Amino acid sequence: MTVFSNHKARQVFISAAAVSLLGFLFVPGARAMDSDSVVAINQFNATCVRHLAKPDEVRTWANENYASIRDPDVLATVVGRIAGGAAWQLPSPTGRNLTLSLRGDGRTCAVWSEAADPKDVETEFKKMVSGAARDGITVKTTTDSTLPTRSGAGRLLSMSVMDQELGSGYLFTFIAGDLFAGAPISLSMQVVRLDAPER
């Protein structure tokens with residue numbers, strides 16, 4: 001019973017470490033960032049980070065606040081072909097597409113922006129994830145690449161936040177350009193839970 005309690009406590013700890021970053025990114029307007037970038041970052045924190053590894057909470061909250069997307073072409077871009085995924089149209093300060101999505105397996109939560117500035121958002125994204133590091137929590141850059149895409153040079157940045165004791169954590173990914181999408185996008189921010197390997 002003690003082992004189970006410690007395991008649950010560590011899970012709560014690593015979730016709290018990430019959620020504690022929420023306050024950091026809710027004041028980026030002072031950096032003279034454009035409104036689309038500010039809103040995209042704040043939406044990612046208010047949904048995907050706040051409800052880490054809890055897709056049912058994301059789905060309930062989104063259904064209560066935003067209109068769901070039914071267009072199959074849009075769903076194919078932001079959700080993929082796995083059944084059970086969902087997406088919602090988020091409010092945008094400039095009327096450009098801003099989308100929240102859950103993949104069909106429920107493991108990946110993402111915010112997609114058509115108009116946010118990739119350089120500004122990547123800078124804040126790195127600060128956010130790096131800020132989760134503390135005793136027992138390791139942050140590591142797993143992928144950092146610039147790749148050609150149909151809409152120009154694209155960026156792929158993945159950073160893991162891992163609990164050293166449990167061996168589990170989260171993978172945060174920033175994508176700029178149309179790397180894995182069926183239509184051009186400006187950027188997306190994604191997070192997926194990484195379970196500890198079975199022993």
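Quick note: structure is the one above.
My aim in this report is to walk through the structure given alongside it, one point at a time. Note that this is a predicted model, so its numbers are computed, not measured. All residue numbers here refer to positions counted from 1 along the written sequence of the relevant chain. Per-residue local features are limited, in this predicted model, to residues with pLDDT of at least 70; the limit for side-chain atom pairs, both in listing and counting, is 80 or more; totals at the level of whole chains, interfaces and linings are taken over all residues. The side-chain figures draw on all heavy atoms in the structure; neither hydrogens nor water molecules are used.

### Thoughts on empty space enclosed by the protein
Using only the protein atoms, space was sampled on a 1 Å grid; points where a 1.4 Å probe fits but cannot get out form cavities, open sets with protein on both sides within 12 Å along at least five of seven lines form pockets, and lining residues are those with an atom within 4 Å of a point. Grid points are joined across faces, edges and corners, and a volume is the space filled by probe spheres set on the points. Within this structure, the stated rule accounts for 1 cavity of 30 Å³ or more. By volume, the largest cavity is sized at about 80 Å³. For the largest cavity, the lining is made up of 15 residues, of which His 51, Ala 53, Lys 54, Arg 107 and Cys 109 are closest to its centre. The residue inventory of the lining of the largest cavity, partitioned by class, reads 10 nonpolar, 2 polar and 3 charged. Amino acid classes used here: Ala, Val, Leu, Ile, Met, Phe, Trp, Tyr, Cys and Pro are nonpolar; Asp, Glu, Lys and Arg are charged; the rest, including Gly, are polar.

### Description of the sheet that holds strand β8 (residues 187–194)
Ordered in space as β1-β2-β3-β4-β8-β7-β6-β5, the 8 strands form an open sheet in which the pairing is antiparallel. Among the strands making up the open sheet, the edge pair consists of β1 (67–68) and β5 (137–149). Strands qualify as paired when DSSP identifies two bridges or more between them. Under the DSSP-based scheme used, a helix requires at least four consecutive residues in state H or I and a strand at least two consecutive residues in state E, with every element numbered from the N terminus. As judged from the 5 bridges shared by strand β3 (residues 98–102) and strand β4 (residues 108–113), these two strands associate in the antiparallel manner. Within β4, the position partnered with Leu 102 by the bridge is Cys 109. Sheet strands in contact with helix α2 (residues 35–49) are β3, β4, β7 (169–176) and β8, and its direction is about 165° off that of β4. Contacts between helix α3 (residues 55–65) and the sheet are confined to β2 (86–89), β3 and β4, with β3 contributing the most and set at about 140° to the helix. The contact criterion used throughout is that any non-hydrogen atoms of two residues lie within 4.5 Å. Every axis in this analysis is a line fitted to C-alpha atoms, fitted for helices over the stretch in contact. Angles between the N-to-C directions lie between 0 and 180 degrees.

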